[in-house]
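Residues per chain, in single letters:
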Amino acid sequence: MSNNYGSVIKFEKQDYCGALILDNAEKMNVVGDEFLKELGALQQDILGMEELRALAIVANGDNFSAGIDLKMLHEVSSEKVKATLTHLQGLYSFWQTLSIPVVIGVQGFCFGSAVELMLGCDIRIAAENLRLSLPEVKLGLAPDMGGTTRLTKLVGTGQAKRLIMACEEIGAEEALQIGLVEKVVPADKLREATIRLAQKMAAYPPSSVAFAKKGINLAAESSVAAGLLFEQAQSTYCCGTEDLKEAISAFFEKRKPSFRGR
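Given the structure is predicted, the values throughout are model-derived calculations rather than measurements.

## Observations concerning the nonpolar core
Judged by nonpolar contacts, the single largest core of 55 residues is most densely connected at Phe35, Ile46, Ile57, Phe64, Trp95, Leu151 and Leu180. Ile46 has contacts with Leu52, Leu55, Phe94, Trp95 and Leu98, leaving out every residue within four places of it along the chain. One finds Cys17, Val185, Ala198 and Met201 within the second-largest nonpolar core, a separate group that totals 12 residues.

## Overview of the pattern of salt bridges
One pass over the full model with this rule turns up 10 salt bridges. The salt bridge involving Arg162 is made with Glu174; its shortest N-O contact spans 2.7 Å. Of this pair, Arg162 sits in helix 6 (residues 157-165) while Glu174 is found in helix 7 (residues 172-177), placing the two residues 12 residues apart along the sequence. By relative accessible area, which is 28% here, Glu174 ends up partly exposed. Ionic pairing is found between Arg255 and Glu246, a salt bridge with its closest N-O pair at 2.6 Å. Among the residues examined, Arg255 registers a relative accessible area of 35% and is labelled partly exposed. The class of Glu246 is buried, set by a relative accessible area of 17%. Through salt bridges with shared partners, a single ionic network connects Arg162, Glu168 and Glu174.

## Section: unusual backbone geometry
Of note in the backbone geometry, Asp15 takes a positive phi value of approximately 55° without being a glycine. Mapped onto the secondary structure, Asp15 falls in the loop between strand 1 (9-14) and strand 2 (17-22). By relative accessible area, Asp15 is classed as exposed at 60%. Notably, Met28 is not glycine yet its phi reads approximately 55°, a positive angle. For Met28, the position within the fold is in the loop between strand 2 and helix 1 (33-47).

Cut-offs and rules
- Within each chain, residues carry numbers counting from 1 in the order of the written sequence.
- Whole-chain, interface and lining totals are the exception, using all residues; otherwise, since this is a predicted model, local features are given only for residues with pLDDT of at least 70 and side-chain atom pairs are given and counted only at 80 or more.
- Side-chain metrics in this entry use all non-hydrogen atoms of the structure; hydrogen atoms and water are not considered.
- As used in this record, nonpolar core signifies buried Ala, Val, Leu, Ile, Met, Phe, Trp, Tyr and Cys residues forming a set joined through side-chain atoms within 4.5 Å.
- Partly exposed describes any residue whose relative accessible area lies between the buried limit of under 20% and the exposed limit of over 50%, with all areas from a 1.4 Å probe on protein chains only and scaled to the type maximum.
- Should any heavy atoms of two residues lie within 4.5 Å, those residues are counted as being in contact.
- The term salt bridge refers to a pairing of a side-chain nitrogen on Lys or Arg with a carboxyl oxygen on Asp or Glu at a separation within 4 Å.
- The secondary structure listing takes helices from DSSP runs of H or I that are at least 4 residues long and strands from runs of E that are at least 2 residues long, numbered from the N terminus.

Set out below in structure tokens:
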């Protein structure tokens, strides 16, 4: 495991499920240079964790994240953005390209770049006290870490324009209503609910979970014909796996299955 994170991002693993924990509550878990460097280092380690089957993202403290560290914006230039933004966008796109499911739990303030982090995950769970906003336009720019792209696909053009162009702040119930989050839970149950859902998916056959995620992602961005072709390919593969035979055998034998990812 790398020593290049641990100051503002912690990582824990139990069995097949990992937990990425934002751990800079004193500074409201701001997204700054240190956060982005540690995030990239941890992601490289995650790629090498063959036993990892699901991931939860949570944050210590009363608030998930206040978003971008304004000191970064104060020092930014067009030249620096041109040189670094493709890499930085990749840090948030990473969760979609990762073959395992990623569940994120957000509470309190979740602003700007933190919303974009959330948008890149597979399933979003909100605490009842969530206050969510994308204030970039007020600061003289538009969301650039996937905000205009992923939010539009998730909630539609009109709601995306309202949230981004008017910088409107919304709560958990409204986020649920417009499809920005999938579930709302009490704040004191958020971490438990987030990790439990990740653990639930980690207990399923890894290949079927991975193909399901890839198929859904593909369906959101392609034609019906392309999606159906992908379903044919994944079904051909999965029906030849040991895990499928194990799942069926365990069902008939009324026992807990043991999946090996084969």
